[in-house]
Amino acid sequence: MSLPKKQTQNSRRDFIKKSAVGVAAFTIVPRYVLGGTGHLAPSDKLTKAIVGVGGMGRNHISYEDTPVVAICDVDKKHLADVAAMVGNGVKTFSDYRELIQLPEVDIVHIATPPHWHGIISVDAANAGKDVWCEKPMTHTIGEGKRVKEAIQANGRMFRINTWFRYKDVFYGMGTPVKPIKKLVDSGMLGWPLKVTVGKHTGYDWKFYWVGQDNLVPQPVPPELDYDTWLGPAQYKPYHPHRVHQTFRGYWDYDGGGLSDMGQHYLDPVQYFLGKDDTNPISVEVDAPQQHTDAVGTWRRITYTYADGCQIILDGEGKDTNVPYIEGPKGKLYQGFKSDIPDLDRKLAAFPDPAPQMTSFVESVKTRQKFTLNEENAFRSCTIVNMGLIALKLNRSLKFDPVKMEFIGDDAANRMINPSMRAPFSI
């Protein structure tokens, strides 16, 4: 992602225009199109490139058994370490814009800090690549909207790297989400429902991801291109606590435990409540005043939907015996325990939830949307970003899920599309 000095006066779009539009069109057309059959043959293995290989990006090496043909990072040590891990002549880049032009790359995996997710996702989609992005989908609501638009305008496939709506035990609940979805759909709990996500329902908000407000500037290590690491974020003097794993504690790049875990925890709630096409109409916060740079902690965040359903984020572990889901007809606790008698037998009479597309490789080959795609991921990420904006302002907010804007709050609406450091834009 290193930006050559002669190019820093130009916008990213100028760079893409000069380097991509001037190249023969076939160089950015995926191989499934060039094959003439509309998609790859089942025997033709997809390839991937990974942008950001310092921490989470290394997990992407093995995902779905797709070979890594290129990697990118602004830290030379990360790049060298992972190049040695991958081997096989993997191509290395410090500028993701060069990587996304490789004709041999089918899928771009994005594992950078969240403040880069939106820009890289849009650029990769515009370059004809399918996108597998780390959570949260984007750092702001406005960036999420742009990613959704770019993915759809270019006919790309997209997935967020969280999987709990379709597989694995859902954190401390001790059950996959599928039977929860079946129970909610059955109506046995009644409606509206209240979902509590916190310590006593099995969810850790990771309040160790907090920032420090007394950082003393330090020399930038020679292996790190810090200016490019900052990218669209406003310039702040270098300190090691700002970068790599601990970046989560600073508003410019992430949003603490809520941003780190929010889409993991809340996307399945959107799914089983049947809210994939909407968002809450209000968010209320109970928290200390936040520092303008360093993320702090919070006690409680309450989201309310138009039909009265609520999601409670319990940050202080206040409710010791709270059910995970509570409705007017019944409650559901950890381990799929309920106050509804003979629940398993009663639930067996109801149909299972609709099947889901759970392989991104299959999604790319068949051009069928992945189960967690640019549309529903945008909605679940918006819940997270609504909470972050309310925390920064330290006040409750009303939200219009159709217009995707806050009601009667100019300061909150400015945070939907905050300014980026020149020359970056999305």
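Residues numbered from 1 in each chain as written. Predicted model: local features only at pLDDT ≥ 70, side-chain atom pairs only at ≥ 80, totals over all residues. Heavy atoms only, no water.

- Under an unreviewed UniProt entry, the name given to the protein is Gfo/Idh/MocA family oxidoreductase, and the source organism is Mucilaginibacter panaciglaebae.

Describing the environment of Tyr271
- If you trace the backbone, Tyr271 turns up in helix 9 (residues 256-273).
- On the accessibility criterion, Tyr271 (10% relative accessible area) is buried.
- With near-sequence residues (within four places) excluded, Tyr271 lies in contact with Arg165, Val177, Lys181, Asp276, Pro353 and Gln356. (Helix = DSSP H or I, 4+ residues; strand = E, 2+ residues; numbered from the N terminus. Buried < 20%, exposed > 50% of the residue type's maximum accessible area, 1.4 Å probe, protein only. Contact = heavy atoms within 4.5 Å.)

Observations concerning the nonpolar core
- One finds Val197, Phe272, Leu313, Tyr324 and Ile325 to be the most contacted residues of the largest nonpolar core, which totals 100 residues.
- It is helix 12 (residues 376-393) that contributes the most residues to this core, 11 residues altogether.
- Excluding residues within four positions of it along the chain, Ile325 makes contact with Ile180, Val184, Leu189, Leu193, Lys194, Val195, Phe272, Gly330, Lys331 and Leu332.
- Counting residues in each nonpolar core, the second largest holds 12 residues, with Val74, Tyr226, Leu230 and Tyr253 among its members. (Core = buried A, V, L, I, M, F, W, Y, C linked by side-chain atoms within 4.5 Å.)

A look at the state of the cysteines
- Going through the model one piece at a time under the given rule, you end up with 0 disulfides.
- Cys381 carries a free sulfur, and the closest cysteine sulfur to it, the one in Cys133, is 8.9 Å from it.
- On the basis of relative accessible area, Cys381 is assigned to the buried category, the value being 1%. (Disulfide = S-S within 2.5 Å.)

Regarding helix 12
- Between its terminal C-alpha atoms helix 12 stretches 26 Å, which fits the 26 Å expected from 18 residues at 1.5 Å a residue.
- Of all 18 residues in helix 12, 17 are buried, a share of seventy percent or more.
- Backbone geometry just downstream of helix 12 places Asn394 in the positive-phi region, at approximately 55°. (Expected span 1.5 Å × (residues − 1).)

With respect to the pattern of salt bridges
- Across all of its chains, the model carries 26 salt bridges by this definition.
- Asp252 is the salt-bridge partner of Lys236, the closest N and O atoms lying 2.8 Å from each other. Highlighted residues: Lys236 in the loop between helix 8 (226-230) and helix 9 and Asp252 in the loop between helix 8 and helix 9, separated in sequence by 16 residues.
- On the accessibility criterion, Lys236 (22% relative accessible area) is partly exposed.
- Through salt bridges that share partners, Lys135, Lys206, Arg248 and Asp260 make up one connected network. (Salt bridge = Lys/Arg side-chain N within 4 Å of Asp/Glu carboxyl O.)

A short note on the side chain of Asp267
- Note that Asp267 resides in helix 9.
- The contact partners of Asp267, leaving out residues within four places of it in the chain, are Arg165, Gly262, Leu372, Asn376 and Ser380.

Points about the pairing of strand 8 (residues 282-286)
- Pairing between strand 8 and strand 9 (residues 300-304): 5 bridges, direction antiparallel. Bridge pairing in strand 9 links Asp286 to Arg300.
- Across 2 bridges, strand 8 lies against strand 14 (residues 397-400) in antiparallel orientation. The residue bridging Val283 from the neighbouring strand is Leu397, located in strand 14. (Pairing = 2+ DSSP bridges.)

Here's the deal with the sheet that holds strand 6 (residues 158-160)
- An order of 3-2-1-4-5-6 is seen for the 6 strands of this open sheet, with the pairing classed as parallel. For this open sheet the edge positions go to strand 3 (91-93) and strand 6, each flanked by a neighbour on one side alone. Averaged over neighbouring strand pairs, the angle between their axes works out to 15° when direction is ignored.
- Here strand 5 (residues 130-133) pairs with strand 6 via 3 bridges, running parallel. (Axes fitted to C-alpha atoms, helices over the stretch in contact; angles between N-to-C directions.)

What about the packing of aromatic side chains?
- On inspection of all chains with the given rule, the structure shows 28 aromatic pairs.
- For the ring pair Tyr96 and Trp116, a centre distance of 5.8 Å and an interplane angle of 70° mean the geometry is edge-to-face. One end of the pair, Tyr96, is in helix 4 (residues 96-99); the other, Trp116, is in the loop between strand 4 (107-110) and helix 5 (117-126), and 20 residues separate them in sequence. Exposure class is identical for Tyr96 and Trp116. Each is buried.
- Among the aromatic residues, those joined into a ring-pair cluster are Trp163, Phe164, Phe170, Tyr171, Tyr203, Trp205, Phe207, Tyr265, Phe272, Trp298 and Tyr324. (Phe/Tyr/Trp six-rings, centres within 6.5 Å; stacked < 30°, edge-to-face > 60°.)

Describing the environment of Lys145
- If you trace the backbone, Lys145 turns up in helix 6 (residues 141-153).
- Relative accessible area serves as the criterion here: at 41%, Lys145 is assigned to the partly exposed category.
- Between the C-alpha atoms of Lys145 and Glu374, which are 229 residues apart in sequence, the distance is 9.0 Å.

Observations regarding the confidence of the model for the protein
- For the protein, mean pLDDT is 92; residues scoring 70 or higher make up 90% of the total.
- Between residues 4-30, whose pLDDT stays under 50, and residues either more than four places distant or in other chains, the model counts 37 contacts. (pLDDT = per-residue confidence, 0-100.)

Quick word on the packing of helix 5 against helix 6
- At a minimum axis separation of 9 Å, helix 5 and helix 6 run at an interaxial angle of 10°. One way to sum up the angle between helix 5 and helix 6 is to call them roughly parallel. Contacts between helix 5 and helix 6 involve Gly118, Ser121, Val122, Ala125 and Asn126 on the former and, on the latter, Glu143, Arg146, Val147, Ala150 and Ile151.
- Split into classes, the residues belonging to the contact of helix 5 with helix 6 amount to 5 nonpolar, 3 polar and 2 charged. (Parallel < 35°, antiparallel > 145°, perpendicular 65-115°, else oblique. Nonpolar A, V, L, I, M, F, W, Y, C, P; charged D, E, K, R; others polar.)

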